[in-house]
Amino acid sequence: MARAARGDAEAVVALYDVYAGPIYGFGLQRLGDPQLAEDLVQAVMTRVWRFAGRYQPDRGSVRTWVFAIARTAAVDLYRRRPRATPYEHVPEQAEVVDELDRLLRAEAVRAALDRLGAEHREVLRLAYFRGLSQREIAERLSLPLGTVKSRTYYALKSFRLACDELGVDA
Amino acid sequence: VSDCPHRDLLGARVLGGLEPEDDLAVDDHLEACAACRLELDELTRLPDLLALVADAPPPVPARVRDGVVAAAARRRAGRRLGAVAGIAAVVAALIGGVVGWQLAPEPMPRVAVPLEHEEPFEASGWASFVAEPDGMRVRLQVEGLEPLPAPEAYEAWLYTDDHRIVSIGQSDEIDGELVVEATVDGDLDAYRGVWLTAEPDGRNPAHEGPTVVSGSVPDAW
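Description of the structure in this document. (Residues numbered from 1 in each chain as written. Chains lettered and ligands numbered in written order. Predicted model: local features only at pLDDT ≥ 70, side-chain atom pairs only at ≥ 80, totals over all residues. Heavy atoms only, no water.)

Here we come to the overall build of chain A. A tally of regular secondary structure across chain A gives eight helices and zero strands. Considering chain A as a whole, with its 170 residues, one finds that 48% of them fall into the buried category. When contacts within chain A are restricted to residue pairs at least 6 apart in sequence, those whose partners lie at least 24 apart make up 61%. Element-wise, carbon and sulfur atoms account for 51% of the exposed surface of chain A, whose accessible area totals about 7900 Å². (Helix = DSSP H or I, 4+ residues; strand = E, 2+ residues; numbered from the N terminus. Buried < 20%, exposed > 50% of the residue type's maximum accessible area, 1.4 Å probe, protein only. Contact = heavy atoms within 4.5 Å. Areas by Shrake-Rupley, 256 points an atom, 1.4 Å probe, with all protein chains shown as cover.)

Attention now moves to the environment of A:E99. Residues and elements named next belong to chain A. Along the chain, the position of E99 falls in helix α5 (residues 93–114). Relative accessible area serves as the criterion here: at 12%, E99 is assigned to the buried category. E99 sits 73 residues away from F26 along the chain, and the two C-alpha atoms are 7.3 Å apart. Non-local contacts of E99, meaning those with residues more than four positions away in its chain, are made with F26, Q29 and R30.

The next thing to look at is the pattern of salt bridges. If you walk through the whole model with that rule in mind, you get 23 salt bridges over all chains. The salt bridge involving B:R7 is made with B:D8; its shortest N-O contact spans 3.0 Å. With respect to class, B:R7 is no different from B:D8; both count as buried. With a shortest N-O distance of 3.4 Å, B:D23 and B:R13 are connected by a salt bridge. In this pair, B:D23 is assigned in helix α2 (residues 20–32) and B:R13 in helix α1 (residues 9–15), connecting sequence segments ten residues apart. We classify B:D23 as partly exposed; its relative accessible area is 28%. Several salt bridges converge on common partners, so that one network encompasses A:R30, A:E95 and A:E99. (Salt bridge = Lys/Arg side-chain N within 4 Å of Asp/Glu carboxyl O.)

Each side of the interface is counted separately: chain A has 61 residues, and chain B has 67 residues. Taking both partners together, chain A and chain B bury about 5800 Å²; carbon and sulfur atoms supply 61% of that area. Summed over the shared surface of chain A and chain B, the number is seven salt bridges. The set of elements that each furnish at least two residues to the side of chain A that touches chain B consists of α2 (9–31), α3 (34–50), α4 (62–79), α5, α6 (118–129), α7 (134–141) and α8 (145–165) of chain A. At ten residues, α8(A) tops the list of elements feeding residues into the side of chain A that touches chain B. Broken down by class, the residue content of the side of chain A that touches chain B amounts to 32 nonpolar, ten polar and 19 charged. (Buried area = accessible area lost by both parts, 1.4 Å probe. Nonpolar A, V, L, I, M, F, W, Y, C, P; charged D, E, K, R; others polar.)

Two faces make up the sheet, and in a regular strand the side chains alternate between them. All names here are of chain B. Note: strand β1 (residues 110–117) against strand β2 (residues 124–132), six bridges, orientation antiparallel. Considered in β2, the bridge of V113 is made with A127. By the bridge criterion, nine bridges tie β2 to strand β3 (residues 135–143) in an arrangement that is antiparallel. Residue pairing across strands places A127 opposite L140, the latter belonging to β3. Between β2 and β3, which pair antiparallel and follow one another directly, the connecting turn spans two residues. (Pairing = 2+ DSSP bridges.)

Let us look at the side chain of A:R160. Topologically, A:R160 is positioned in helix α8. Classification of A:R160 by relative accessible area gives buried; the value is 17%. Those residues in contact with A:R160 that sit more than four places away from it in its chain are B:E42 and B:L46.

Right, let's get into unusual backbone geometry. In this model, B:A150 is joined to B:P151 through a cis peptide bond whose omega is 5 degrees. By the element assignment, B:P151 lies in the loop between β3 and β4 (153–160).

What follows is about the pairing of strand β8 (residues 211–216) of chain B. Residue and element names in this part refer to chain B. For β1 and β8, the ladder comprises two bridges, and the chain directions are antiparallel. Looking at β8, one finds that E116 is bridged to S214. Note that strand β7 (residues 191–199) and β8 share five bridges and pair antiparallel. Directly across from L196, in β8, lies its bridge partner V213.

Turning our eyes to something else, we now look at the environment of A:A118. Within the secondary structure layout, A:A118 lies in helix α6. For A:A118 and A:A155, which are 37 residues apart along the polypeptide, the C-alpha to C-alpha distance reads 9.9 Å.

Let us look at the packing of α6(A) against α7(A). Residue and element names in this part refer to chain A. For the pair α6 and α7, the least separation of the axes is 10 Å and the interaxial angle reads 130 degrees. The orientation of α6 relative to α7 falls into the category oblique. The interaxial crossing formed by α6 with α7 has right-handed handedness. The residues of α7 that touch α6, namely those facing E122, V123, L126 and A127, are Q134, I137, R140 and L141. (Axes fitted to C-alpha atoms, helices over the stretch in contact; angles between N-to-C directions. Parallel < 35°, antiparallel > 145°, perpendicular 65-115°, else oblique. Left-handed = near helix turned anticlockwise from the far one by under 90°.)

In short, geometric facts, not functional conclusions.
Set out below in structure tokens:
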């Protein structure tokens, strides 16, 4: 945080890489507009590094601090939407923390998948995200059925290992 | 598990997609193989994690990252100059009529401006602006107001530098004075004016009511 406060590019990027994804997703869900979601990321990250020197560890984690900033910034941006829409629910801080925690976790899982080899990622994509059977995957990839079964097993094992390394509890 | 011939079926068992005969074979095998039961138990939780990604929003466009990094770099380059300007701004604000000063370990920039009444209202008050880590705190304190019958409500607004109107919030509680406060995005230079209106219908988010008091947002701290 101290390095971010000094404008250290690496520190700023490190904070961005952890929090930008969840904040963007939060913005899409809450503000319903990709441009406003981008504005939210920009606003939050700018405030984070601008005021990083005032962050006090004894008052809470960086995560909590960033999430509080995200909530305020989202409410600000919400007010700036076209005024034709009626007032809607303004989220409580605990609600925002839960939502951002889930998105933060999703971002970590995505990072775990990125650590897998291409073959493992592909078999998980086809088996889980596309819902293909093992036989269909074998036909799609022109592989023996036994190879697909084995690859699916090792892909899951590798995924679990990557999650462990990134601190994502199953 | 490493020597078990059924081990390779456990991945597809967890994700779905085994042929029916393979599913039955796994069922039979699990009854007899504690190691595979343990392995299956560990793999069973993984689809819940994959589901998080399935529901996850798309990645942030790369241009946003570039913009944040560039802004940080610009701020770093301008930090030395900014420190001098900051001191000058504080001195100017003190001379220009600062009404409040936080005696905190790390005082935040703070200024206040008078709010002048608009006919036919006879109210008056102050708007104060305080820089905070998560934005800028704006507080309106207005005296001399009459209570409004529902659904009417007093509503405070900011006029932005790019000609937009931003609601700060509403209040219908008048205990000697009316107070509306909120943290808004940006800095002093993002806003030009501040005012309070008497809205005919507080449930309507549009600005339709007459101005009660108004003031100008100062250019700098």
